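# Report on the structure
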Amino acid sequence: MSATRVLVGTRKGAFVLTSDGKRERWEVSGPHFAGWEIYHMTGSPADPNRLYASQTSGWFGQVIQRSSDGGTTWEPVGNKFAYDGVPGTHQWYDGTQHPWEFKRVWHLEPSLADPDTVYAGVEDAALFRTVDGGQTWQELPGLRRAKGHLWQPGAGGMGLHTIVLDPSDPERIFIAISAAGVFRTDDAGATWRPVNGGLKSNYELPDPEAEVGHCVHRIAMHPSRPNVLFMQKHWDVMRSDDAGESWREISGDLPSDFGFPIAVHAHEPETIYVVPIKSDSEHYPPDGKLRVYRSRTGGNEWEALTKGLPQRDCYVNVLRDAMAVDSLDPCGVYFGTTGGQVYASADAGDRWTPIVRDLPAVLSVEVQTLP
Amino acid sequence: MIRVVLPAHLRSLARVDGQVRLEIEGPVTLQSVLDALEARYPVLRGTIRDHVSHERRAFLRFFACKQDLSHEPPDALLPDAVAAGEEPFRIVGALAGG
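Definitions and cut-offs
Residues numbered from 1 in each chain as written. Chains lettered and ligands numbered in written order. Predicted model: local features only at pLDDT ≥ 70, side-chain atom pairs only at ≥ 80, totals over all residues. Helix = DSSP H or I, 4+ residues; strand = E, 2+ residues; numbered from the N terminus. Rg over C-alpha atoms; globule rule 2.2 N^0.38 Å. Buried ≥ 20, exposed ≤ 12 C-beta atoms within 10 Å, placed from the backbone. Contact = placed C-beta atoms within 7 Å. Pairing = 2+ DSSP bridges. Nonpolar A, V, L, I, M, F, W, Y, C, P; charged D, E, K, R; others polar. Core = buried A, V, L, I, M, F, W, Y, C linked by C-beta atoms within 7 Å. Axes fitted to C-alpha atoms, helices over the stretch in contact; angles between N-to-C directions. pLDDT = per-residue confidence, 0-100. Arc of directions from axis to C-beta.

On to the overall build of chain B, then. Secondary structure summary: chain B contains three helices and five strands in total. Its C-alpha atoms give chain B a radius of gyration of 13 Å, within 12% of the compact-globule value 13 Å for 98 residues. For chain B, the spread of C-alpha atoms along the three principal axes comes to 35 × 25 × 25 Å. Residues counted as buried form 23% of the 98 residues belonging to chain B.

Below you can see the structure in the form of C-alpha cells.
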C-alpha cells in the first residue's frame, strides 16, 4: 500500500501530514522549526526521504534545513547565498538603480536525478544551486544578465518563486520571477532569455507587451509534455505549447482570472487547476466562496469544484506555492490557505476534506507519493 | 570567560540551553565575541550578522550592563563587567511592535 506525505510550510513552522494511499486518515507532525517562516519544504524525486526546507525570519535571516529520514530529524546546512561577483543593480521604486540584496529563499527545487543537487530561487531574484546537499550554494549568474537591470520589485518583493526542470532535457530549466516574468535556459543555466511573448499586462506595465516586467505568479508543466506550460499570471491564466516562446490566454469562463497557484493533474496533461481570487487588491475568493476550478480541456472551459469547500463567508487566500498533486490513481489534489486549512481531494477535485483546519497561514504545500 | 545570552530561536538553532560561555583571547570586542560565538556554533553564521559584510542584522540588538551597544563599532571594547564574566552580553531580537 502506498503512502502519502504532505509537506506544509507556514508562517510559524513546518508540518508533515501523512496518510496511507486511501488518504482518509491523517497523522500530523509539527510544528518543526516553530516560530520561523517556512517558505517552502520539498522532497527529492530521486530519494523521497531527502527533504529540504527554507526556514526564514525577519530577525535572524535564512536557514536551510535538510532531512535524510523523511522529516523525522533535521540538520541545518549552508545558508550563505552570496551573489556572484559584484552584485550589480536592478530598478528601484524611485526609478534609480538599487544593489541586489539577498533576503530569503522562496523556493527549493531538487534535481530529478541527484538528491544532493538542489536549485534555490531567492529574493532579490536570482537562482542558486548546490551540488553537495546544501552545504554550499553557488549562483547561476547568467540569469541576472537577462535584462536584470530592468527588473523591479513589486509590493510582494522581487522573488524567484518557480523553478521547473524539464524531465526530457537536463539542460533546460524554466524559472519565474514576480514582476519580471518567465526565463528559460537551454544550456543548464549558463545563459538565459526571457520567454514572455504573448503576455499582456494592460494595467501593470506602460508597454503591456514588454519583454520583461510581467507579474507571473506560477507556472506548471506535466512531465509527459515538457513543451506545454500553464501559467497563472497576476491577471490572466495562460498557456504555451512551445516551451514559452508564445503564450495565449485560456482564462475562458473563470469568475476571475486573478490568482496565485496553478497545478496539472498527475495523469491527465490537459487537466489543470486554479483557485480564482477576486482581485489584486482583494486577496480572497469571489463572493466569499472558496472554489477550485478545473479544466479538462487544457483551459478555456472551467468547472467549479465546491464539494467540501466553504461556500459562504470565506475570505482566505491560496498562495502560489500552496497547491500540489500526488501521483496516485485517482490523482490527489491538495492546497493550503492563509487561514491555516489544508484541503485534500482524493478524487481529482470532485470532493474536498480539510486535513487540518487551524495551522498558521500556509505558505507552501508539496506532496510525496511513497511506495 | 564571556557569558552570552542568545534569543530563544537561536538557542534552539544552535541546540544550547541557557547561556553560552566563551573563552576570548585578546581584547573583548563585539567582533571578537561574535567571531568566537560563530566559531563554536557555525550554524549561527549569517543569523546575527551578514555573511559577507559582517553588519549586524537590522532587527537584532546587542545589550550589556543596561547599555545598547548595537551601534558601537566592531572593534569597540565591551564593558569591563562583560569581559570579566560578571555581566552577560545579550543578543536580543528587536521588538516587532504590535
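To continue, consider the overall build of chain A. Counting its regular elements, chain A contains zero helices and 30 strands. Computed over its C-alpha atoms, the radius of gyration of chain A comes to 19 Å, within 12% of the 21 Å expected for a compact globule of 371 residues. Taken along the three principal axes of its C-alpha coordinates, chain A extends 50 × 45 × 40 Å. For chain A, buried positions account for 52% of its 371 residues. Within chain A, contacts between residues at least 6 apart in sequence are counted, and of these 50% link residues at least 24 apart.

What follows concerns the pairing of strand β1 (residues 2-5) of chain B. All names here are of chain B. The side-chain alternation of β1 yields one buried face, formed by I2 and V4, and one unburied face, formed by R3 and V5. The pairing of β1 with strand β2 (residues 20-22) spans three bridges and is antiparallel. Paired with I2 across the strands is L22, a residue of β2. Bridge analysis of β1 against strand β5 (residues 89-93) gives two bridges, and the strand direction is parallel. Each bridged residue has a counterpart across the sheet, and for V5 the counterpart in β5 is R90.

For the rest of this paragraph, the subject is the interface of chain B and chain A. Contact residues are listed per partner, giving 12 residues for chain B and 13 residues for chain A. Looking at the side of chain B that touches chain A, the element that brings in the most residues is helix α1 (residues 8-14) of chain B, giving three residues. The class makeup of the residues in the side of chain B that touches chain A is six nonpolar, five polar and one charged.

It is worth spelling out the nonpolar core at this point. Residue and element names in this part refer to chain A. In this structure, Y334 and V342 are the most contacted members of the largest nonpolar core, which totals 126 residues. The biggest single contributor to this core is strand β15 (residues 173-177), with five residues. Residues in contact with V342, not counting those within four places in the same chain, are V6, V8, L17, Y334, G336, P354, I355, V356, L359, V362 and V365.

A word on the sheet that holds β5 of chain B. Residue and element names in this part refer to chain B. What the five strands build is an open sheet, ordered β2-β1-β5-β3-β4; its pairing is mixed. Taken across any chain shown, the strands that pair with only one partner, and hence form the sheet edges, are β2 and β4 (67-68). Packing against the sheet, helix α2 (residues 30-40) makes contact with β1, β2, β3 (60-64) and β5, and its axis sits at approximately 115 degrees to β2.

Let us now look at the pairing of strand β4 (residues 37-43) of chain A. Residues and elements named next belong to chain A. Among the seven residues of β4, seven are classified as buried, and the element is accordingly described as predominantly covered. Across six bridges, the pairing between β4 and strand β5 (residues 51-57) is antiparallel. Bridge pairing links T42 to Y52 in β5.

On to the sheet that holds strand β30 (residues 362-370) of chain A. Sheet strands line up and pair through hydrogen bonds in the backbone, either parallel or antiparallel. Residue and element names in this part refer to chain A. One open sheet accounts for four strands, arranged β3-β2-β1-β30; its pairing is antiparallel. This sheet does not close on itself; its edge strands, each paired only once, are β3 (27-32) and β30. Ignoring strand direction, the axes of neighbouring strands in this sheet form an average angle of 15 degrees.

Low pLDDT means the predicted atomic positions in that stretch should not be read closely. Scored by pLDDT, chain B has a mean of 95; 98% of the residues are at 70 or more. Across the whole predicted complex the pTM is 0.96, and at the interface the ipTM reaches 0.93.

The next point concerns α2 of chain B. All names here are of chain B. Of the residues making up α2, those classed as buried are L30, V33, L34 and L37. An end-on view of α2 places all buried positions within 95 degrees of arc, on one side of the element. On its buried side, α2 packs onto β1, β2, β3 and β5.

Right, let's talk about unusual backbone geometry for a bit. The step from E123 of chain A to D124 of chain A runs through a cis peptide bond, and the omega angle for that step is -5 degrees. In this structure, the amide linkage connecting D329 of chain A to the following residue, P330 of chain A, adopts the cis form with an omega of 0 degrees. Backbone geometry at D236 of chain A places phi at a positive 90 degrees, although glycine is not the residue there. Tracing the chain through its elements places D236 of chain A in the loop between β19 (229-233) and β20 (237-240). Given 23 C-beta atoms within a 10 Å radius, D236 of chain A is considered buried. Here R15 of chain B, not a glycine, exhibits a phi torsion of approximately 60 degrees, which is positive. Along the chain, R15 of chain B falls in the loop between α1 and β2.

We now examine the environment of D132 of chain A. Residues and elements named next belong to chain A. Relative to the elements of secondary structure, D132 occurs in the loop between β12 (126-130) and β13 (138-139). According to the C-beta neighbour criterion, D132 is exposed, with 12 such atoms within 10 Å. Distance from D132 to D114, taken between C-alpha atoms, is 9.9 Å for residues 18 residues apart in sequence.

Let us look at the environment of G340 of chain A. Residue and element names in this part refer to chain A. Note that G340 resides in the loop between β27 (333-336) and β28 (342-345). For G340, a count of 19 C-beta atoms within 10 Å translates into the label partly exposed. Note: C-alpha distance between G340 and A179 (161 residues apart in sequence) is 27 Å. Those residues in contact with G340, other than ones at most four positions away along the chain, are R357, D358, L359, P360, A361 and V362.

Quick look at the environment of H149 of chain A now. All names here are of chain A. By the element assignment, H149 lies in the loop between β13 and β14 (160-165). H149 gets classed as exposed once you count the C-beta atoms within 10 Å, which come to 12. Residues H149 and A266, spaced 117 residues apart in sequence, show a C-alpha to C-alpha distance of 38 Å. Leave out the neighbours within four places in its chain, and H149 touches T89, H90 and Q97.

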